[in-house]
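Residue-level listing of the chains:
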Amino acid sequence: MAFNDSDAALVAKADQRMEQALATRTVERDDYLDTTPAEPLSNRDINRMAVRSLALQASFNYERMQAGGWLYTLIPALRKIHKNPEDLSNSMKMHLEFINVHPFDVTFLSGLVLAMEQNKEKLSTIRAVKVALMGPLGGIGDAMFWLTWLPICAGIGAALALEGSLFGPIVFLLLFNALHFGLRFGLAHYGYRAGLGAISALKSSTKKISHAASIVGMTVIGALVASYVRLSTPLEIHAGQARIALQEGVLDKLMPNLLPLAFTLAMYGLMKKGYSPVKLIALTVLIGLAGKFFGVL
Amino acid sequence: MLVDALLIALLAGLAGVDLFDGLTHFHRPVVLGPLVGLILGDVQTGLLVGGTLELVWMGMVPLAGAQPPNVVIGGVIGTAFAILTKADPKVAIGVAVPFSIAVQGCITVLFTVFSPMMHKCDEMVKRGNWRGVEYVNYLGMGILFCFYFIVAFLPIYFGADAAGAMVKAAPQWVLDGLSVAGGMMPAIGFALLMKIMLNKNYVAYFILGFVAVTYLKLPILAIALGALAIAMIDFFNGNRAQPQPAATRDAEVQDGI
């Protein structure tokens with residue numbers, strides 16, 4: 001994760017990405033034949049790019065990751081910018097190199113890259129910007145969407161659905177996509193307008209944005225563990241004449257949701273030891289079956 | 001049954017594309033559940049199964065590009081089987097998970113065999129053939145659609161009766177055991193998120209969220225907004241407390257974000 005890495009680790013990762021990009025390089029020139037800046041792109045062009053960015057992972061593969069979809073995102077704008085066919089071909093070659101960005105905040109980078117293409121920057125400069133931003137954008141995207149916004153929306157939607165309300169799926173879709181499409185289009189325009197100045201802003205803010213998102217995410221996950229992990233025991237303790245239910249009489253007095261918390265932390269510990277989610281799912285099923293068979297769960 | 005299975009397969013195909021392209025997230029179980037329910041004439045059960053499966057998959061997201069058990073097939077098959085066999089929503093998890101793990105494996109293979117297409121694209125852009133690159137991307141989405149269509153259709157069309165018989169024949173403690181395991185399953189997704197995010201800086205917030213539900217019984221949205229307030233205090237105060245040289249140099253660019 002980019003936002004937990006040290007600076008040295010970030011640099012090493014960026015170096016590795018540059019190697020991956022260069023390994024798939026087919027372009028020979030480093031500058032465009034026609035170096036006069038192209039006409040500025042219109043709002044419609046930027047919106048079109050943002051819509052096409054939805055297909056970023058259409059031709060996903062392990063050799064170049066999202067390269068095919070990334071080029072697909074840029075094609076209409078590149079055709080408008082590069083009137084010289086050889087320039088267009090060279091530009092497309094460069095954009096078909098290895099790239100792995102986050103599918104949610106990718107438009108920030110594509111907007112920025114289009115601003116550079118329009119200025120006819122050198123190919124190596126554009127490549128360097130792509131490589132430099134993959135890591136920070138990945139970190140922010142993970143922190144904002146996978147760790148924070150999706151659990152919040154899904155938690156609210158699932159709660160409503162479990163009550164049998166059709167508002168569950170509707171609220172989920174509206175909430176999630178309000179931020180999703182707001183950012184997708186907003187970042188596309190911001191990246192294009194701000195140009196290279198946005199890079200230092202992004203880099204200095206990466207940690208702070210990720211940190212803020214992590215605060216919200218972690219709080220919500222604590223809440224979700226207490227709300228939705230279900231585990232209790234029907235065991236009873238015999239103390240002379242009295243029979244005390246272990247769950248209501250003892251565990252709940254200690255702290256409600258003690259068993260769900262303990263189980264979640266146990267899963268967390270095993271995962272840190274390198275157990276895969278698939279193994280842990282199998283383990284959970286075994287625990288459930290054994291627990292019912294012996295009557296302890 | 002054929003029409004139902006075809007409609008569900010169509011839904012699975014579209015949702016499978018949305019998982020990678022589109023990302024509107026109508027492929028999540030909380031949405032797919034009621035949609036499958038609509039096709040099979042039982043929206044209410046669809047909502048319940050969808051909500052249950054949503055919790056199981058909440059943390060299972062493609063973090064840093066790693067593929068988790070497939071959420072689309074899990075949601076579609078789990079809901080369809082729960083409705084067709086009238087099983088408990090939590091038992092549906094036991095049916096859904098093996099399929100979703102197998103599909104996860106297939107997707108990995110799919111992404112591997114698609115690599116050579118990139119060399120075709122290299123040839124195309126050399127000749128300036130941008131339309132060819134577009135077709136390759138449409139092909140990629142088409143393959144995904146067909147794959148999900150088939151994977152969803154076959155077990156629902158051919159397996160529903162067998163699964164129904166199996167659920168009827170299974171001893172009660174097995175069904176109850178699966179149900180208990182289903183209740184515990186969301187912990188795995190949350191643990192996955194915690195593994196990525198939790199370090200000593202964030203333990204305090206985890207405790208805060210846990211206490212807010214366990215003792216204060218607050219709804220999730222209230223807790224999320226409270227956490228947002230804390231994050232904003234942290235964000236803006238952090239700005240002020242930054243070391244002087246860095247603060248002055250970055251002052252004008254930081255306003256941008």
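Residues numbered from 1 in each chain as written. Chains lettered and ligands numbered in written order. Predicted model: local features only at pLDDT ≥ 70, side-chain atom pairs only at ≥ 80, totals over all residues. Heavy atoms only, no water.

Assigned secondary structure in chain A consists of 11 helices and 2 strands. Going from N to C terminus, chain A has its helices and strands arranged as α-α-α-α-α-α-α-α-β-β-α-α-α. Counting only C-alpha atoms, chain A reaches 95 × 40 × 30 Å along its principal axes. In chain A, once contacts between residues fewer than 6 apart in sequence are set aside, the share between residues at least 24 apart is 75%. Counting every atom, chain A has about 11,800 Å² of accessible surface; 62% of that belongs to carbon and sulfur. Measuring between centres, the 28 positive side-chain charges of chain A sit 4 Å from its 22 negative side-chain charges. (Helix = DSSP H or I, 4+ residues; strand = E, 2+ residues; numbered from the N terminus. Contact = heavy atoms within 4.5 Å. Areas by Shrake-Rupley, 256 points an atom, 1.4 Å probe, with all protein chains shown as cover. Lys, Arg positive; Asp, Glu negative; His and termini not counted. Charge placed at Lys NZ, Arg CZ, Asp CG, Glu CD.)

Attention now goes to the packing of aromatic side chains. One pass over the structure, following the stated rule, counts 21 aromatic pairs over all chains. On the numbers, 5.5 Å between centres and 75° between planes, the contact of Phe147(B) with Tyr148(B) is edge-to-face. We note that Phe147(B), like Tyr148(B), is buried. A network of ring pairs unites the aromatic residues Phe104(A), Phe145(A), Trp146(A), Phe172(A) and Phe176(A) as a single cluster. Just above the ring of Tyr72(A) sits the side chain of Arg52(A); from NZ or CZ to the centre is 4.0 Å. Taking NZ or CZ as reference, Lys208(A) lies 4.5 Å from the ring centre of Phe235(B), over its face. (Phe/Tyr/Trp six-rings, centres within 6.5 Å; stacked < 30°, edge-to-face > 60°. Buried < 20%, exposed > 50% of the residue type's maximum accessible area, 1.4 Å probe, protein only. Lys NZ or Arg CZ within 6 Å of the ring centre and 35° of its normal.)

This part is about the UniProt feature "transmembrane region" (unreviewed entry) in chain A. Taking the numbering used here, the UniProt-annotated feature "transmembrane region" (unreviewed entry) corresponds to residues 137-160, 166-188, 209-229 and 278-296 of chain A. Helix makes up 96% of residues 166-188 of chain A and strand 0%. Its end C-alpha atoms lie 33 Å apart. (UniProt positions renumbered as here; feature names shortened; annotations may be inferred.)

Contact with chain A, which involves 107 residues of that partner, is made by 99 residues of chain B. Here chain A and chain B share an interface that buries about 9,500 Å² over both sides, 77% of which is from carbon and sulfur atoms. Three residues, Tyr62(A), Lys208(A) and Met218(A), lead the burial of chain A against chain B; their summed loss comes to 7% of the area buried on that side. With a closest N to O distance of 2.4 Å, Glu134(B) and Arg52(A) form a salt bridge. The interface formed by chain A and chain B includes 22 residue pairs in polar contact (both at pLDDT 80 or more). (Buried area = accessible area lost by both parts, 1.4 Å probe. Salt bridge = Lys/Arg side-chain N within 4 Å of Asp/Glu carboxyl O. Polar contact = N/O pair within 3.5 Å; in protein donor to acceptor, adjacent residues only side chain to side chain.)

This paragraph deals with a positive patch on the surface. Judged by side-chain charge, Arg44(A), Arg48(A), Arg79(A), Lys83(A) and Arg131(B) come together as a positively charged surface patch. As for its placement among the helices and strands, Lys83(A) is situated in the loop between helix 3 (67-81) and helix 4 (85-95). On the basis of relative accessible area, Lys83(A) is assigned to the exposed category, the value being 63%. (Patch = residues over 30% accessible without salt bridge, like charges linked within 9 Å, V, L, I, M, F, W, Y side chains within 5 Å.)

Of the strand pairs in this sheet, strand 1 (residues 236-239) of chain A and strand 2 (residues 242-245) of chain A are connected by 4 bridges, and their pairing is antiparallel. Counterpart to His238(A) in the pairing with strand 2 of chain A is Arg243(A). (Pairing = 2+ DSSP bridges.)

A separate point is the domain arrangement of chain B. By the assigned domains, chain B splits into domain 1 (2-184) and domain 2 (198-240). Distance between the C-alpha centres of domain 1 of chain B and domain 2 of chain B: 33 Å. (Domains from an automatic or database assignment.)

With that out of the way, let us pick up the UniProt feature "transmembrane region" (unreviewed entry) in chain B. Within this numbering scheme, the UniProt entry marks residues 35-57, 69-85, 91-114, 135-158, 178-198 and 205-233 of chain B as carrying the feature "transmembrane region" (unreviewed entry). A helix fraction of 91% and a strand fraction of 0% characterise residues 35-57 of chain B, whose end C-alpha atoms lie 18 Å from each other.

Before going further, it helps to spend a moment on helix 5 (residues 89-113) of chain B. Helical geometry note: an α-helix holds 3.6 residues per turn, so side chains three or four residues apart project in the same direction. Here helix 5 of chain B spans 36 Å end to end across 25 residues, near enough to the 36 Å set by a 1.5 Å rise per residue. Within helix 5 of chain B, the axis deviates most sharply at Ala96(B), by approximately 30°, and proline Pro98(B) lies no more than four positions further along. Residues of helix 5 of chain B that are buried: Pro89(B), Val91(B), Ala92(B), Ile93(B), Ala96(B), Val97(B), Ser100(B), Val103(B), Gln104(B), Ile107(B), Leu110(B) and Phe111(B). Looking at the packing, one finds that the buried side of helix 5 of chain B touches helix 11 (277-294) of chain A together with helix 1 (2-20), helix 3 (43-57), helix 4 (71-85), helix 7 (130-169) and helix 8 (172-184) of chain B. (Expected span 1.5 Å × (residues − 1). Bend = angle between axes of the 7 residues up to and from the residue.)

Residue and element names in this part refer to chain B. Its identity is not glycine, yet histidine 25 carries a phi of approximately 65°, on the positive side. Relative to the assigned elements, histidine 25 resides in the loop between helix 1 and helix 2 (29-40). Judged by relative accessible area, histidine 25 falls into the buried class, the value being 1%. Phi is positive for lysine 86, which is not a glycine, with a value near 55°. Within the element layout of this structure, lysine 86 appears in the loop between helix 4 and helix 5. Given the relative accessible area of 74%, lysine 86 is considered exposed.

All right, on to the environment of Asn237(B) then. Note on placement: Asn237(B) falls in helix 11 (residues 220-240). Along the chain, Asn237(B) and Tyr205(B) lie 32 residues apart, while their C-alpha atoms are 18 Å from each other.

This part takes up the packing of helix 2 of chain B against helix 3 of chain B. Residues and elements named next belong to chain B. The contact between helix 2 and helix 3 brings their axes to 7 Å, and the two run at 155°. As summarised for this structure, helix 2 and helix 3 are arranged roughly antiparallel, according to the angle between their axes. Crossing of helix 2 against helix 3: the hand is right-handed. Taking contact as the criterion, the partners of Pro29, Val30, Gly33, Pro34, Gly37 and Leu38 in helix 2 are, on helix 3, Val43, Gly46, Leu47, Gly50, Leu53 and Glu54. (Axes fitted to C-alpha atoms, helices over the stretch in contact; angles between N-to-C directions. Parallel < 35°, antiparallel > 145°, perpendicular 65-115°, else oblique. Left-handed = near helix turned anticlockwise from the far one by under 90°.)

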